[in-house]
Amino acid sequence: MLIRHRPDLTDNDVTDRGLYLRRREFITGVAGLGLAGLGGMAGAAPLAFTKGFSTTEKPTPKDDVTSYNNFYEFGVDKGDPAENAGKLKTRPWTVRVDGACEAPKTFDIDALIKANKLEERIYRLRCVEGWSMVIPWVGFPLKDLIAAVKPTSKAKFVAFETLMRPSEMTGQRWDVLQWPYREGLRIDEAVHPLTLIAVGLYGETLPNQNGAPLRLVVPWKYGFKSIKSITRISLTDRQPPTAWNLSAPREYGFYSNVNPAVDHPRWSQATERRIGEFRRRDTLAFNGYGEWVADMYRGMDLKKFY
Ligand code: MTE
């Protein structure tokens, strides 16, 4: 990411129906793989899941997905997270979900994995830096977790926070970003059926470098919105501060929808390099998910709300 210094939709409107009607690109669900549901283990353990809304594009090889990462808590080079994130203890782990809701709760990660029906979703991921991958995530819709705490009408935004633990996340000893890493979504974005809490990839629990034990995946936004290793999710009536926006507000906006027509101030966003490919390819508006998400931004000036 090149560091410089070290409408109001209701839940029902949110295109569930549209997804079913317009799944040209998507594979329909097939039966679960029948693997044992081993949510409780640290390290790579198989997960039981069914198949959800997925691109038919070829997934990026697992070796690339797990060795070419951005996770600044473990260093700023692409290989640093794979090298250093092993230090992170991901058990025990809890996620606090609170704020504008009737039933705030602290969830144990293993209980959370057991309580939710896991799906595989093969999504494109487009980093703001101009590279992309196709990743087979395993997870559950964020909207299910939000519904569990019974949001009130004051819940207009959702704020996310990563763990703060410099003893293990050694990158947090340097002021590369204002720690902890923070992200945010508008509530309609958060409860959109494409928005996922991922707990695995390639059929197994998430490797630490990819955000174990749970991370956000918002496939139509630049990758930095997809915050890793989450410990807190708060419903709020205000747009929350976000790590990259705090660091460089002119370069990284709150919305950060993938948009080939709006360049980053220091580089073009028109094309991208798919990891493993030689030639650059055109970047798609909303990373190719426009038919499912563009309605949420109708009437907004996307140059202003970048
Ligand atoms: N989450 C945290 N906590 N810290 C980070 O540095 N990097 C982001 C995002 N989530 C980041 C993070 C960026 S810039 C990208 S592109 C994606 O994670 C990369 O996810 P991946 O390494 O699993 O491909």
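Residues numbered from 1 in each chain as written. Predicted model: local features only at pLDDT ≥ 70, side-chain atom pairs only at ≥ 80, totals over all residues. Heavy atoms only, no water.

Even after reading the chapter, I still don't get empty space enclosed by the protein, so can you show me in this structure?
To locate leftover empty space, one rolls a probe as large as a water molecule over the atoms. The volume enclosed by the largest cavity comes to roughly 310 Å³. Every residue lining the largest cavity is counted, 25 residues in all, and those nearest its centre are Asn70, Phe71, Arg215, Gly223 and Lys228. Of the residues forming the lining of the largest cavity, the biggest block, four residues, is contributed by strand 5 (residues 131–141). Among the residues making up the lining of the largest cavity, the classes are represented as 16 nonpolar, six polar and three charged. Of the pockets and cavities examined, the second largest cavity occupies roughly 40 Å³. By residue number, the principal contributor to the lining of the second largest cavity is strand 4 (residues 119–126), which donates three residues. In the lining of the second largest cavity, the residues fall into five nonpolar, two polar and three charged. (1 Å grid on protein atoms, 1.4 Å probe; cavity = no way out; pocket = protein on both sides within 12 Å on 5 of 7 lines; lining within 4 Å. Points joined across faces, edges and corners; volume = space filled by probe spheres on them. Helix = DSSP H or I, 4+ residues; strand = E, 2+ residues; numbered from the N terminus. Nonpolar A, V, L, I, M, F, W, Y, C, P; charged D, E, K, R; others polar.)

Just to check I follow, could you spell out the layout of surface pockets for this structure?
The space that makes up the second largest pocket amounts to roughly 240 Å³. Taken together, 20 residues form the lining of the second largest pocket, with Tyr222, Val262, Asp263, His264 and Tyr306 sitting closest to its centre. Looking at side-chain class alone, the lining of the second largest pocket contains ten nonpolar, six polar and four charged residues.

Without other data, these values stay purely geometric and don't point to any function.
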